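Understanding the architecture of this molecule
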Amino acid sequence: MKHRLLTVSEQVIVITGASSGIGLVTAKRAAHRGARVVLAARNEHDLRLACDEIRRDGGRAIYVVADVSNPADVRTIGDAAIAEFGRIDTWVNNAAVSMYGKAIELPIDDMRRQMDVNFWGHVYGSREAVRHLRAHGGALVNVASGLADRAIPLQAIYRAAKHAIKAFTDAMRMELEKDGIPISVSLVKPASIDTPFFEKAKTYIGVEPQPVPPVYAPEIAADVILRCAEKPTREIIAGGAAELIALARLAPRVADRYMERMLFKQQRTSEPASPNRPANLHQTVAHDGGERGRTWHGRTKDTRVVTWAAMRPAVAVAGLAALIFGAFAVANRVSPFKEMRL
């Protein structure tokens with residue numbers, strides 16, 4: 001099915017989890033390009049600050065205080081967008097909460113809450129998006145993870161939710177296509193991103209958690225999301241390491257052993273943390289933290305070669321073909337241009 005999507009500058013875009021990190025950066029970049037944006041999250045203070053900044057810069061934005069684990073709250077997001085801007089063109093499900101600890105030791109209530117937000121929040125958001133988009137078309141973007149195809153230790157429920165999002169998104173896409181509903185459904189799979197996500201995580205590992213390197217800037221994920229808003233895209237990474245993670249499926253036991261040896265320590269900082277320190281699993285925190293995190297002190301990659309190629313597959317394939325052709329010509333000591341004349 002052919003999907004005709006508007007440019008970002010013409011769109012009304014709903015973004016959940018928009019008070020910090022990837023969601024906040026996506027909202028700002030969309031507004032800067034002329035989109036009318038609807039920011040949704042639980043933290044009203046930070047939502048108000050974000051909207052005020054967008055408006056000061058000449059953009060148009062509203063916010064909705066909502067818990068995506070509550071379907072009634074999710075419906076208010078869609079209703080507010082229609083009331084203010086008259087329609088919705090792209091809906092981005094991005095809200096998530098984090099928790100670190102061993103699967104057999106985590107409290108069941110915490111595990112259920114994490115699944116309610118991370119998986120069911122996407123389900124409720126997707127259903128609300130389809131309710132508004134099915135008549136005139138548009139884009140639905142579900143933000144999963146580079147680990148939607150592969151689990152890692154200490155994040156069992158988070159990764160389970162991301163696997164579930166991928167399966168749900170793939171199934172829903174086929175159903176919509178079968179019914180001829182003109183909605184582009186995209187799955188975005190970010191690698192480790194430098195955001196405040198980690199400092200708000202519920203932690204049962206005794207220290208503050210951190211992203212697994214290599215770590216990428218949130219602008220990379222935001223640009224991928226906005227690309228999906230304009231160009232129908234089935235599935236795409238944000239950050240080259242996400243592609244490498246997917247390759248771990250080719251040698252799962254090798255990947256298991258590597259992760260057992262490396263990822264228990266790579267996800268930990270040396271900063272002590274109590275399970276009782278503020279976390280946003282069940283309630284909001286006073287400040288969601290803005291765009292970048294404070295627990296990651298290593299290098300944050302702003303480069304995006306692999307992501308750029310994923311966003312432009314035709315150009316990437318042509319470039320790869322040219323490199324292979326050139327290498328073949330050099331290896332055989334012939335001019336590629338002479339061979340072409342033959």
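On a predicted model such as this, the values are computed, not experimentally measured, just so you know. (Residues numbered from 1 in each chain as written. Predicted model: local features only at pLDDT ≥ 70, side-chain atom pairs only at ≥ 80, totals over all residues. Heavy atoms only, no water.)

**Comments concerning a nonpolar patch on the surface**
- There is a patch of nonpolar side chains on the surface, built from Leu 244, Leu 247 and Leu 250 and spanning about 360 Å² of accessible area.
- Along the polypeptide, Leu 247 turns up in helix α7 (residues 241-247). (Patch = residues over 30% accessible without salt bridge, like charges linked within 9 Å, V, L, I, M, F, W, Y side chains within 5 Å. Areas by Shrake-Rupley, 256 points an atom, 1.4 Å probe, with all protein chains shown as cover. Salt bridge = Lys/Arg side-chain N within 4 Å of Asp/Glu carboxyl O. Helix = DSSP H or I, 4+ residues; strand = E, 2+ residues; numbered from the N terminus.)

**Considerations on helix α2 (residues 44-56)**
- Taking 1.5 Å per residue as the helical rise, α2 with its 13 residues ought to reach 18 Å, and the 18 Å between its terminal C-alpha atoms agrees with that figure.
- For α2, the set of buried residues is Asp 46, Leu 47, Ala 50, Cys 51 and Ile 54. Looking straight down α2, one finds its buried side chains confined to an arc of 135°; they lie on one side.
- Summarising the contacts, the buried residues of α2 are in contact with α1 (21-32), β2 (36-41) and β3 (60-65).
- The N-capping residue of α2, defined by a side-chain oxygen 3.2 Å from the backbone nitrogen of His 45, is Asn 43.
- Looking one or two residues beyond α2, the residue adopting positive phi is Gly 58, at roughly 95°. (Expected span 1.5 Å × (residues − 1). Buried < 20%, exposed > 50% of the residue type's maximum accessible area, 1.4 Å probe, protein only. Arc of directions from axis to C-beta. Contact = heavy atoms within 4.5 Å. Polar contact = N/O pair within 3.5 Å; in protein donor to acceptor, adjacent residues only side chain to side chain.)

**Quick notes on the packing of α1 against α2**
- Following both chains from N to C, one finds α1 and α2 inclined at 20°, their axes separated by 10 Å at the closest point. By the criterion of interaxial angle, the relationship of α1 to α2 is roughly parallel. For the crossing formed where α1 meets α2, the hand is right-handed. The segment α1 lies against α2, with Leu 24, Ala 27, Lys 28 and Ala 31 engaging Ala 50, Glu 53 and Ile 54. (Axes fitted to C-alpha atoms, helices over the stretch in contact; angles between N-to-C directions. Parallel < 35°, antiparallel > 145°, perpendicular 65-115°, else oblique. Left-handed = near helix turned anticlockwise from the far one by under 90°.)

**Points about the pattern of salt bridges**
- If you walk through the whole model with that rule in mind, you get 25 salt bridges.
- Glu 230 is the partner of Arg 33 in a salt bridge, and the nearest nitrogen-oxygen pair spans 3.1 Å. Placement of the pair is Arg 33 in the loop between α1 and β2 and Glu 230 in helix α6 (residues 218-230), with a sequence separation of 197 residues.
- Using a relative accessible area of 37% as the deciding quantity, one classes Arg 33 as partly exposed.
- Given a relative accessible area of 28%, Glu 230 falls into the partly exposed group.
- The salt bridge partner of Glu 208 is Arg 294, with a shortest N-O separation of 3.9 Å. Taken as a pair, Glu 208 in strand β10 (residues 207-209) and Arg 294 in the loop between β13 (268-272) and β14 (300-301) lie far apart in primary sequence, 86 residues in all.
- Overall, Glu 208 belongs to the buried group, its relative accessible area being 3%.
- Each member of the salt-bridge network shares a partner with another, and the members are Asp 149, Lys 166, Asp 170, Arg 173, Lys 189, Arg 234 and Glu 235.

**Describing the pairing of strand β1 (residues 12-16)**
- Taken across its five residues, β1 has five buried, putting it largely inside the fold.
- Burial along β1 is two-sided: the face carrying Val 12, Val 14 and Thr 16 and the face carrying Ile 13 and Ile 15 are both buried.
- Alignment of β1 against β2, held across five bridges, turns out to be parallel. Opposite Val 12, over in β2, you have Arg 36 as the bridge partner. (Pairing = 2+ DSSP bridges.)

**Side note on the sheet that holds β2**
- Taking strand neighbours across the sheet as the criterion, the seven strands line up as β3-β2-β1-β4-β6-β7-β12 in an open arrangement whose pairing is parallel. Either end of the sheet is taken by a strand with one partner, and the two such strands are β3 and β12 (235-238). Pairs of neighbouring strands in the sheet enclose a mean axial angle of 20°, with direction left out of account.
- Two elements, strand β4 (residues 90-93) and strand β6 (residues 138-143), share four bridges in a ladder whose sense is parallel.

That's the geometry; what it means functionally is another story.
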